[in-house]
Amino acid sequence: MNIDKNKAAALFHGWEDGLVRSCLQGHMGNIILDNEKNPVSAVIELGDFCFFAGNPNDTLLTALHGEKLLIPKDEPWEKLIEDFYGNRVSKTFRYAIKKEPDVFDIKRLNAYIEALDCCYELKLFDQETFEMAKSEKWSVDLCSQFKDYKDYEKRAIGTAILHQGKLVAGASPYAVYPGGIEIEIDTKPEYRCKGLATVCGARLILECLQRNIYPGWDAHDLRSVALAEKLGYHLDYPYVTYILADR
């Protein structure tokens, strides 16, 4: 497909989301346009996320399959999504987090890591942890956007916590782009509320800062906002998101 990326990017002007950036720069995801050479409507699809910009156009909605998170750029897109899908979508909010490169307190992040109980092992992702993450539903999104471990090793960095040799929590990129990542953090259900997400997040942030990579964060709910703020981030604004159920 011969897409004019400059024209496609213009439709998403002002959208600072890391997933949008990753796709527009050709690193991950797909761009679907109403017209390849002179687009006026576009959707970016990356993993479970779909971002809609330009003129509302229901033909772009027909290209989507399965469960998705639909993120409209404006109210006309919101109305189209609601009218097109009806009760297949439920409206909610996600929370954009400010991008502030110099906001992190290194001592505080290290203190979180040092407080980890000795029964756990904290390590960087390797092929073993990658394969463990890929094998369970709760953890698959820690590596779902990468073809295999070779691809992950080349483009990503992640942190994992193991208990008795088994993966129980991790922080890893959901998307990558030059100079930045979008962080995904997951904890095995029976290990939640033990501070493991805080430790994984702190370690990944420190690893990113050492490599001059910005650790971007986008919160799916207020609990995620609270964790982000604990790690040093600040809330920017809520935005409308639709959860699209599979047929």
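Check the entry above for the structure.
Residues numbered from 1 in each chain as written. Predicted model: local features only at pLDDT ≥ 70, side-chain atom pairs only at ≥ 80, totals over all residues. Heavy atoms only, no water.

Draft legend 1. Local environment of the packing of aromatic side chains. Taken as a whole, this structure holds 15 aromatic pairs when the rule is applied. Taken together, a centroid distance of 6.3 Å and an interplanar angle of 15 degrees make the contact between phenylalanine 49 and phenylalanine 51 stacked. Grouping residues by exposure puts phenylalanine 49 and phenylalanine 51 together as buried. For the pair tyrosine 120 and tyrosine 191, a centre-to-centre distance of 6.5 Å together with 75 degrees between the ring planes defines the contact as edge-to-face. Of this pair, tyrosine 120 sits in strand S6 (residues 120-124) while tyrosine 191 sits in the loop between strand S9 (180-187) and helix H8 (196-210), placing them 71 residues apart in sequence. (Phe/Tyr/Trp six-rings, centres within 6.5 Å; stacked < 30°, edge-to-face > 60°. Buried < 20%, exposed > 50% of the residue type's maximum accessible area, 1.4 Å probe, protein only. Helix = DSSP H or I, 4+ residues; strand = E, 2+ residues; numbered from the N terminus.)

Draft legend 2. Highlighting the state of the cysteines. Counted under the stated rule, the structure contains zero disulfides. Take cysteine 193: it sits in no disulfide, and the sulfur closest to it among the cysteines is that of cysteine 200, at 15 Å. The thiol of cysteine 200 is unpaired, and the distance to the nearest cysteine sulfur, on cysteine 208, comes to 13 Å. On the basis of relative accessibility, which here comes to 0%, the residue cysteine 200 falls in the buried class. (Disulfide = S-S within 2.5 Å.)

Draft legend 3. A look at unusual backbone geometry. The phi dihedral of glutamine 164 is positive, around 55 degrees, even though this residue is not glycine. Positionally, glutamine 164 belongs in the loop between strand S7 (159-163) and strand S8 (166-177).

Draft legend 4. Just the environment of cysteine 50, in detail. Relative to the assigned elements, cysteine 50 resides in strand S3 (residues 49-54). Overall, cysteine 50 belongs to the buried group, its relative accessible area being 0%. In contact with cysteine 50, other than residues within four places in its own chain, are Val43, Ile44, Glu45, Leu64, Lys68, Leu69, Leu70 and Ile71. (Contact = heavy atoms within 4.5 Å.)

Draft legend 5. The arrangement of the pairing of S3 in detail. In terms of burial, S3 is a largely internal element, five of the six residues being buried. Linking two consecutive strands that pair antiparallel, namely strand S2 (residues 41-46) and S3, is a turn of two residues; a positive phi of about 60 degrees is found at glycine 47 within it. Of the strand pairs in this sheet, S3 and strand S4 (residues 68-72) are connected by four bridges, and their pairing is parallel. Note on S4: the bridge partner recorded for phenylalanine 52 is proline 72. (Pairing = 2+ DSSP bridges.)

Draft legend 6. Here's a closer look at the packing of helix H5 (residues 106-114) against H8. Running from N to C, H5 and H8 cross one another at 135 degrees; their axes reach a closest spacing of 8 Å. Classified by the angle their axes make, H5 and H8 are oblique. The crossing of H5 and H8 is left-handed. Residues Ile106, Leu109, Asn110, Tyr112 and Ile113 of H5 form the contact with H8, whose own contacting residues are Thr198, Val199, Ala202, Arg203, Ile205, Leu206 and Leu209. Across the contact of H5 with H8, the residue classes tally to nine nonpolar, two polar and one charged. (Axes fitted to C-alpha atoms, helices over the stretch in contact; angles between N-to-C directions. Parallel < 35°, antiparallel > 145°, perpendicular 65-115°, else oblique. Left-handed = near helix turned anticlockwise from the far one by under 90°. Nonpolar A, V, L, I, M, F, W, Y, C, P; charged D, E, K, R; others polar.)

Draft legend 7. Helix H6 (residues 127-135), seen in detail. Within H6, the full set of buried residues consists of Thr129, Phe130, Met132 and Ala133. End-on, the buried residues of H6 take up no more than an arc of 165 degrees, which puts them together on one face. Contacts from the buried residues of H6 go to S6, helix H7 (149-155), S7 and S8. (Arc of directions from axis to C-beta.)

Draft legend 8. Summary view of the sheet that holds S2. Strand order in the open sheet made by the seven strands is S1-S2-S3-S4-S12-S5-S11, with mixed pairing throughout. Because the sheet does not close on itself, it has two edges, and the strands there are strand S1 (30-33) and strand S11 (218-219). Here S2 pairs with S3 via six bridges, running antiparallel. Looking across to S3, one finds that alanine 42 is bridged to alanine 53. Docked against the sheet, helix H9 (residues 222-230) engages strand S5 (89-97), S11 and strand S12 (235-244), running at close to 10 degrees with respect to S5.

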